[in-house]
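Below are the chains, spelled out letter by letter.
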Amino acid sequence: MRRSVLSVVTVLFVVLFLGNIAFGVVEKVRITKMEILKIDGVPQVRLELEVEGQDGVIFVQASTDYDKYTYFTEPVTLDLSVRQPFFVLRFTKSDFRRVHLLENINEEIPEFAEGKKVTVYVYEAKYTSPEGQPEDIKQDIAKYGYALRGVLAKGTKTIELARK
């Protein structure tokens, strides 16, 4: 009898503990608005995110092409423990870089090219240590210094620089 009570208590504890972990995650991310505009002559990408969930961390990164290369922003880390359901981010032209650590390349995009697309990804995980990781993550860390995985949201917008 004592053993069965202990088993029930243990099971309840595990269910409640794991239940709290399960509820403490990002459930859904939406890119609600994405604009590409020029403010005071400076091209910018402005985006609004809506996040559903309790706690967690997400990573936002934008990319665009110029010439034959793809330029990325550094991943922006958003900590969701502050219970903020909306975020507004801005990336300027100088935030977009072509980085290849193995070839010692780190250069800013020359310009936002009209007619090209800017793509924004929201990721659920960022890796910076290659230890114990699959080969594709190790390669990304060697090349960029990090690896992003688990797409939660994606948005694409064509570059048409309007004044604001």
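Along every chain, residues carry numbers that run from 1 in the direction the sequence is written. Under the rules for a predicted model, residues below a pLDDT of 70 receive no local features and side-chain atom pairs below 80 are neither given nor counted, while totals for whole chains, interfaces and linings still include all residues. Values reported for side chains reflect all heavy atoms of the structure, with hydrogen atoms and water molecules removed beforehand.

Novice: How would you summarise the pairing of strand E7 (residues 97-100) if you had to cite specific residues and measurements?
Specialist: It is a general feature of regular strands that their side chains alternate between the two faces of the sheet. When E7 meets strand E8 (residues 105-108), the two strands line up antiparallel, connected through four bridges. Across the sheet, the residue bridging to His-100 is Ile-105, located in E8. Two strands are counted as paired when DSSP detects at least two bridges linking them. Put simply, DSSP H or I for four residues or longer makes a helix, DSSP E for two residues or longer makes a strand, and each gets a number counted from the N terminus. The hairpin formed by E7 and E8 contains four residues between the paired strands, and Asn-104 there has a positive phi angle of roughly 55 degrees.

Novice: So what's going on with the pattern of salt bridges? Residues and values would help.
Specialist: Any Lys or Arg side-chain nitrogen located within 4 Å of an Asp or Glu carboxyl oxygen qualifies as a salt bridge. Applying the stated criterion across every chain, the model contains nine salt bridges. Residue Asp-140 pairs with Arg-149 through a salt bridge whose shortest N-O separation is 3.0 Å. The buried label applies to any residue whose accessible area, calculated with a 1.4 Å probe on protein chains only, is under 20% of its type's maximum; exposed applies above 50%, and partly exposed to all values in between. Under the relative-accessibility criterion, Asp-140 is labelled partly exposed at 22%. A residue is classified by how much of its surface remains accessible, and Arg-149, at 23% relative accessible area, is partly exposed. What emerges from the salt-bridge pattern is a single network uniting Lys-33, Glu-35, Arg-46 and Glu-48.

Novice: Lay out the environment of Ile-141 in plain terms, naming residues and giving numbers.
Specialist: Assignment of secondary structure puts Ile-141 in helix H2 (residues 135-144). Residue classification places Ile-141 among the buried positions, given a relative accessible area of 10%. When the C-alpha positions of Ile-141 and Thr-128 are compared, they lie 6.2 Å apart, and in sequence the two are 13 residues distant. For Ile-141, the residues in contact, after removing those within four places along its chain, are Leu-101, Tyr-127, Thr-128, Ser-129, Pro-130, Tyr-146 and Ala-147. The criterion used for residue contact is that any of the two residues' heavy atoms lie within 4.5 Å.

Novice: Mind laying out unusual backbone geometry, listing which residues take part and the relevant values?
Specialist: Its identity is not glycine, yet Asp-40 carries a phi of approximately 55 degrees, on the positive side. Turning to its location among the elements, Asp-40 is positioned in the loop between strand E1 (26-39) and strand E2 (42-53). Classification of Asp-40 as exposed rests on a relative accessible area of 76%. Its identity is not glycine, yet Asp-67 carries a phi of approximately 60 degrees, on the positive side. Residue classification places Asp-67 among the exposed positions, given a relative accessible area of 60%.

Novice: Tell me about the confidence of the model for the protein chain, and name the residues and values.
Specialist: Each residue carries a pLDDT score, the predictor's confidence in it, ranging from 0 to 100. Averaged over all residues, the pLDDT of the protein chain is 83; the fraction at 70 or higher stands at 83%. Contacts from residues 2-24, a stretch scored under 50 in pLDDT, to residues over four places away or in other chains number four contacts.

Novice: With reference to specific residues and values, describe the packing of aromatic side chains.
Specialist: Pairs were defined over the aromatic rings of Phe, Tyr and Trp, the Trp ring being its six-membered one, requiring ring centres within 6.5 Å. Orientation was assigned from the angle between planes: stacked under 30 degrees, edge-to-face over 60, tilted for the rest. Summed over all chains, the structure comprises five aromatic pairs. Geometrically, the ring pair formed by Phe-91 and Phe-96 is edge-to-face, given 6.3 Å between the ring centres and 70 degrees between the ring planes. With respect to burial, Phe-91 and Phe-96 carry one shared label: buried. Members of the aromatic cluster, each reached through a chain of ring pairs, are Phe-72, Tyr-144 and Tyr-146. Sitting over a ring, as applied to charges here, requires NZ of Lys or CZ of Arg to be within 6 Å of the ring centre and within 35 degrees of the ring normal. A cation over a ring is seen here: Arg-98 above Tyr-69, with NZ or CZ 3.6 Å from the ring centre. Over the ring of Tyr-146 we find Lys-126; its NZ or CZ atom is 5.6 Å from the centre of that ring.

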